[in-house]
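Summary of the model geometry
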Amino acid sequence: MERDPVTGLCTRRTLQRRLERRLDALGAEGVPGALILCDLEMFGAIVERYGTEAGEAALRLAAEAIRSAVRAIDTVARIEGGRFAVLLGRIPADQALAIAARISTAVRSRRLKWQDASVPIAVSVGIASYANGEEAAALLARHGGDAAVPG
């Protein structure tokens, strides 16, 4: 499995392969799943104001918070820049929504301690439900998904 060098999470490529397997198995299982998409808010502003190292520290902090809010069977990946995704399988929509809310709360509970500053971090979270016949690349390309989760 490929790992993101900054966060230690799965890469987009690994996530896409796992999503393709889930979509292939969906027909036999008949149980839907979801992809939670997370954007680290103010990521660019953190990098601009405090530098690349602070941006990477914010990414690691968000990654830890996201991992702490999901189930052990879920796949968490950094897909690019300040974007993360969580692949949920075999889960009804209401439970996916609850996990997305936990992610938002977990990230907002953290603060980046950098130099003399304490910088709040947060993520925008959306859910993309997946169904039989969808393409993994198209699903990953969605931004925000089917339902937004208030932060």
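Just above sits the structure.
Rules and cut-offs
- Residues numbered from 1 in each chain as written.
- Predicted model: local features only at pLDDT ≥ 70, side-chain atom pairs only at ≥ 80, totals over all residues.
- Heavy atoms only, no water.
- Helix = DSSP H or I, 4+ residues; strand = E, 2+ residues; numbered from the N terminus.
- Buried < 20%, exposed > 50% of the residue type's maximum accessible area, 1.4 Å probe, protein only.
- Contact = heavy atoms within 4.5 Å.
- Areas by Shrake-Rupley, 256 points an atom, 1.4 Å probe, with all protein chains shown as cover.
- Axes fitted to C-alpha atoms, helices over the stretch in contact; angles between N-to-C directions.
- Left-handed = near helix turned anticlockwise from the far one by under 90°.
- Nonpolar A, V, L, I, M, F, W, Y, C, P; charged D, E, K, R; others polar.
- Salt bridge = Lys/Arg side-chain N within 4 Å of Asp/Glu carboxyl O.
- 1 Å grid on protein atoms, 1.4 Å probe; cavity = no way out; pocket = protein on both sides within 12 Å on 5 of 7 lines; lining within 4 Å.
- Points joined across faces, edges and corners; volume = space filled by probe spheres on them.
- Expected span 1.5 Å × (residues − 1).
- Polar contact = N/O pair within 3.5 Å; in protein donor to acceptor, adjacent residues only side chain to side chain.

**Things to note about the overall build of the protein chain**
A tally of helices and strands in the protein chain yields five helices and seven strands. Its helices and strands in sequence order give the protein chain the pattern α-β-α-α-β-β-α-β-β-β-α-β, from N to C terminus. For the protein chain, the residues scored as buried account for 46% of the 151 residues in total. Intrachain contacts of the protein chain at a sequence separation of at least 6 include 67% that bridge at least 24 residues. Counting every atom, the protein chain has about 7500 Å² of accessible surface; 50% of that belongs to carbon and sulfur.

**Considerations on the packing of helix α3 (residues 52-69) against helix α4 (residues 93-108)**
At a minimum axis separation of 8 Å, α3 and α4 run at an interaxial angle of 145°. As for how α3 packs across α4, the hand of that crossing is right-handed. Taking contact as the criterion, the partners of A62, A65, I66, S68 and A69 in α3 are, on α4, I99, R102, I103, A106 and V107. A class-by-class count of the residues in the contact of α3 with α4 yields eight nonpolar, one polar and one charged.

**Some points on the pattern of salt bridges**
Counted under the stated rule, the structure contains eight salt bridges. Residues D74 and R71 are paired through a salt bridge, measuring 2.6 Å at the closest nitrogen-oxygen approach. Classification of D74 by relative accessible area gives buried; the value is 10%. Taking the shortest distance from any N to any O, the salt bridge between E80 and R83 comes out at 3.5 Å.

**Observations regarding the layout of surface pockets**
There is about 170 Å³ of room inside the largest pocket. In this structure, the largest pocket is lined by ten residues; those nearest its centre are R18, R21, R22, G89 and R90. Of the residues in the lining of the largest pocket, the class split is three nonpolar, two polar and five charged.

**A few points about α3**
Given 3.6 residues to a turn, an α-helix orients residues that are three or four positions apart in the same direction. The terminal C-alpha atoms of α3, which comprises 18 residues, lie 26 Å apart, in line with the 26 Å expected from a rise of 1.5 Å per residue. Where α3 is concerned, the buried positions are A54, G55, A57, A58, L59, L61, A62, A63, A65, I66 and A69. For α3, the elements touching its buried residues are β1 (33-40), α2 (43-50), β2 (75-80), β3 (83-88), α4 and β4 (111-114).

**Let's talk about the environment of R111**
With respect to the element layout, R111 can be found in strand β4. Discounting residues that sit within four places of it in the chain, R111 has contacts with L61, S118, V119 and P120. In this structure the side chain of R111 is engaged in a polar contact, spanning 2.8 Å, whose partner is the side chain of S118.

**A short note on unusual backbone geometry**
For M42, which is not glycine, the phi dihedral falls at a positive 65°. If you trace the backbone, M42 turns up in the loop between β1 and α2. Under the relative-accessibility criterion, M42 is labelled exposed at 57%. The backbone of Q115 shows a phi angle near 50°, a positive value even though the residue is not glycine. Using a relative accessible area of 68% as the deciding quantity, one classes Q115 as exposed.

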